[in-house]
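Here's the letter readout for the chains.
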Amino acid sequence: MDGGTDTKEIYENVMNILEDLTSNAHKLQEQVLEEILKSNAGTEYLSRFFPNGQADKQSFKTNVPIITYEDIKPYIDRIANGDTPSILLAYRITQFIQSSGTSGGQPKLIPMTAESFEKRMYEPLLPDLVIKRCFNGSDEGKSLYLYFIKPEMETPSGLVASLYTTFYFKTKSFKTGLAKFCTSPIETILCSDNKQSMFCQLLTGLLQRDEVVRMGSSFASVLPRSIKFLDDYWKELCSNIRTGYLSDWITDAGCRNAMSLILTRPNPEMADLIQQICEDKSWEGIIKKLWPKIKYITSICTGSMSQYIPLLEFYGGGIPLVSPNYSSSEACFGINLKPLSKPFDVSYTFLPNTAYFEFLPVNKDGGGKAQDTRTIDKPVDLVNVKLGQYYEVVVTTLTGLYRYRIGDVLKVTGFYNKSPQFQFVERQNVVLSIDLDKTTEEDLSKAIMKAKIVLEPLGIMLTTYSSYADTSLMPGRYVLFWELKMKGRKDLPKLDAEIMEQCCCIVEESFDFTYKSLRKGGIISGLELRVVKHGTFDQLMDYYVSKGASITQYKPPSCLKSKEAVKILNSGMAGKFFSSKTMF
Ligand code: AMP
């Protein structure tokens, strides 16, 4: 973008588009559904539900079942094995998108067509412009966006399957658009060795430190990991800057070529400056110190990512944290129209032209539990959701998903014109469960947020957490894993057993009636808290990445189901504490 007037005009156009979309939410939703039915009603999957050939909205709502991935998996598998895509959708599939969810250990595959790509290509631009509009001068300068890819796979029928981000980073649209403003050369983003990619992206970010006005990643989990990497490698990064030579272990040809255009000369002055900043005992505000012109950090930090907010605020030293959008492999749902809102208060305004949305009401009882939505009320349309109510989102897309449960629970917080705004609450199916108790992701997060307050006056930060239900002994118990960090120091703080036990008690106290009555009845044992060493959760991420997860779309599991994952966290254990609470 050049010239202030041009930029202003672009912002005005964007706002006009958003006004238009949100004011016509109902009409647009009807049009989207009409188009989907017109194109796809004749497919093998859908035609069964329209026996008399009448595929209108009413018969769609009455006849087409609400499903999960398992229901369409047989169709997806057939297409992946060479059957015609027309069994599910009318368009030619150009490739599959792998969502971060898995089904039977395999990534879920979502069809992608040329038409859907055309529409989705503009998705990242909209929130980007809305955010830039809020920060003066942020249309100038560069973005230190830490992006990574994951190698594609191929189905037996020869269709490529990749993560949406991997696919997007390889498009011309990204290369000629957003990438031009990134400090990371495209070759470093497209390097499939995540370690070489990270090293080079941080190096180019440091070399261009005076131009960087924003930092970000798709999901917040990447940023603390990058800072940890910086912590491990800053001396080597400084040495590369000082000498002008790239470390030999960077062997990727694309990275070496790209870096040779940026790392062109020895720069001891810059190396000294960075070294001085990194040698500081406390890394509070390190981002601001290393990149003094940064105006904001942009990364999804709602839902399970909210656990990283305190750490990012600590490293950011007051730089605003902006959660730009709510989107998935299946569809783009909404964007944050108030980028300046506090990270815990973010709501997303739904975009009514991206898919057809329905909402299954979710009963939240006194304890705040999401119940199984299959048995309760009928879904409501986008414009009919009620303020304050919880819903699970269901989508219908042009790409073969019909009344498909995404699995996310959202709460209506307001409306922008006719479009509802939602806060992300939790993944529907993430629960710790023993006997009749079901503790959701939100229950757990709220309880932990209360307990960690006890540690704050001691200068101890909870940097990340997870949990599992240990039923190897009778009665079973919930086990929490906490990674702790002392502000201003890198080693693990000395922990006072009494205070840690107090944390266990606060967590249990926050759990609901069912948990407490099972504890009282001796069906669940007292909660256990295992504190792990700094870096243990990075090992967990490495494990998931080695199993096929991508760094860019990594969502830390709030609750572990795999024995291997529990083993990894146990291997970093530095202390364990138990609740001494007696339930009356
Ligand atoms: P994926 O398909 O791998 O991109 O993952 C999509 C999932 O990520 C969604 O269904 C949500 O559970 C989660 N997600 C995406 N955007 C957000 C957001 N803004 N806040 C919280 N969770 C999100």
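Residues numbered from 1 in each chain as written. Predicted model: local features only at pLDDT ≥ 70, side-chain atom pairs only at ≥ 80, totals over all residues. Heavy atoms only, no water.

### Looking at the nonpolar core
Point 1. One finds L146, L203, M215, I287, L290, W291 and F481 to be the most contacted residues of the largest nonpolar core, which totals 69 residues.
Point 2. When residues in this core are grouped by element, the largest group, 10 residues, is from helix α12 (residues 222-243).
Point 3. I87, V346, Y348 and Y402 belong to the second largest nonpolar core, which has 68 residues in total. (Core = buried A, V, L, I, M, F, W, Y, C linked by side-chain atoms within 4.5 Å. Buried < 20%, exposed > 50% of the residue type's maximum accessible area, 1.4 Å probe, protein only. Helix = DSSP H or I, 4+ residues; strand = E, 2+ residues; numbered from the N terminus.)

### What to know about the UniProt feature "domain: GH3 C-terminal" (unreviewed entry) in the protein
Point 1. UniProt records the feature "domain: GH3 C-terminal" (unreviewed entry) for residues 442-564 in the present numbering.
Point 2. Annotated as 37% helix and 21% strand, the span residues 442-564 places its first and last C-alpha atoms 24 Å apart. (UniProt positions renumbered as here; feature names shortened; annotations may be inferred.)

### Regarding the packing of helix α11 (residues 194-207) against helix α13 (residues 253-262)
Point 1. Packing of α11 against α13 leaves a shortest axis separation of 11 Å and a crossing angle of 10°. In this view, α11 runs roughly parallel relative to α13, as classed from their interaxial angle. Within the contact between the two elements, α11 uses C200, L203, T204 and L207 and α13 uses C255, M259 and I262.
Point 2. Residues of the contact of α11 with α13, tallied by class, amount to six nonpolar, one polar and no charged. (Axes fitted to C-alpha atoms, helices over the stretch in contact; angles between N-to-C directions. Parallel < 35°, antiparallel > 145°, perpendicular 65-115°, else oblique. Contact = heavy atoms within 4.5 Å. Nonpolar A, V, L, I, M, F, W, Y, C, P; charged D, E, K, R; others polar.)

### Examining the sheet that holds strand β10 (residues 332-335)
Point 1. Spatially, the eight strands line up as an open sheet ordered β9-β10-β11-β16-β15-β14-β12-β13, and their pairing is antiparallel. Both edges of this open sheet fall to β9 (325-327) and β13 (380-381), since each of them pairs with a single strand only.
Point 2. Sheet topology places strand β12 (residues 356-362) next to β13; two bridges connect them, and they run antiparallel. Residue E358 lies in a different strand from β13, and its bridge partner there is D381.
Point 3. Packing against the sheet, helix α2 (residues 25-40) makes contact with β12, β14 (390-396) and β16 (419-427), and its axis sits at approximately 110° to β12. (Pairing = 2+ DSSP bridges.)

### Comments concerning the site of the ligand
Point 1. Surrounding the ligand, one finds 18 residues, the nearest of these being S100, T302, N325, S329 and D408.
Point 2. The separation between a nitrogen atom of the ligand and a polar side-chain atom of T302 is 2.6 Å.
Point 3. D408 is positioned with one of its side-chain polar atoms (N or O) 2.7 Å from an oxygen atom of the ligand.
Point 4. Summarising the interface, the protein chains cover 93% of the accessible area of the ligand, which totals 500 Å² for the free molecule.
Point 5. Secondary structure elements with two or more residues in the shell around the ligand: β1 (93-103), β9, β15 (404-416) and β16.
Point 6. It is β9 that contributes the most residues to the shell around the ligand, three residues altogether.
Point 7. Here the residues of the shell around the ligand are counted per class, giving six nonpolar, nine polar and three charged. (Near = heavy atom within 4 Å. Polar contact = N/O pair within 3.5 Å; in protein donor to acceptor, adjacent residues only side chain to side chain. Areas by Shrake-Rupley, 256 points an atom, 1.4 Å probe, with all protein chains shown as cover.)

### Examining the packing of aromatic side chains
Two numbers describe a pair of aromatic rings. These are the distance of the centres and the angle of the planes.
Point 1. A full pass over the atoms with the stated rule returns 36 aromatic pairs.
Point 2. With 6.3 Å between their ring centres and 80° between their planes, Y478 and F511 make a pair best called edge-to-face. Placement of Y478 in strand β20 (residues 477-486) and of F511 in the loop between α18 (497-510) and α19 (513-520) is noted, with a sequence separation of 33 residues between them. No difference in accessibility class separates Y478 from F511, as the two residues are buried.
Point 3. Taken together, the aromatic side chains of Y326, F333, Y348, F350, F357, F359, Y391, F422 and F424 make up a single cluster linked through ring pairs.
Point 4. In this structure, R48 is placed above the aromatic ring of Y45, and the distance from its NZ or CZ to the ring centre is 4.9 Å.
Point 5. Above the ring of W249, the side-chain terminus of K195 is found at 5.0 Å from the ring centroid. (Phe/Tyr/Trp six-rings, centres within 6.5 Å; stacked < 30°, edge-to-face > 60°. Lys NZ or Arg CZ within 6 Å of the ring centre and 35° of its normal.)

### Remarks on the packing of α12 against helix α14 (residues 268-279)
Point 1. α14 packs onto α12 with a crossing angle of 165° between their chain directions and a minimal axis gap of 8 Å. By the angle between their axes, α12 is roughly antiparallel relative to α14. In this structure, α12 meets α14 at a crossing whose hand is left-handed. Together, W234, C238, I241 and R242 of α12 and P268, M270, A271, D272, I274, Q275, C278 and E279 of α14 make up the contact between the two elements. (Left-handed = near helix turned anticlockwise from the far one by under 90°.)

### Comments concerning unusual backbone geometry
Point 1. Here the bond from M474 into P475 is cis, since omega is -10°, no more than 30 degrees from zero.
Point 2. For P475, the position within the fold is in the loop between β19 (460-470) and β20.
Point 3. Its identity as a non-glycine residue notwithstanding, R403 has a phi of 55°, on the positive side.
Point 4. By the element assignment, R403 lies in the loop between β14 and β15.
Point 5. Judged by its relative accessible area of 4%, R403 is buried.
Point 6. Even without being glycine, N417 reaches a positive phi, approximately 50°.
Point 7. Positionally, N417 belongs in the loop between β15 and β16.

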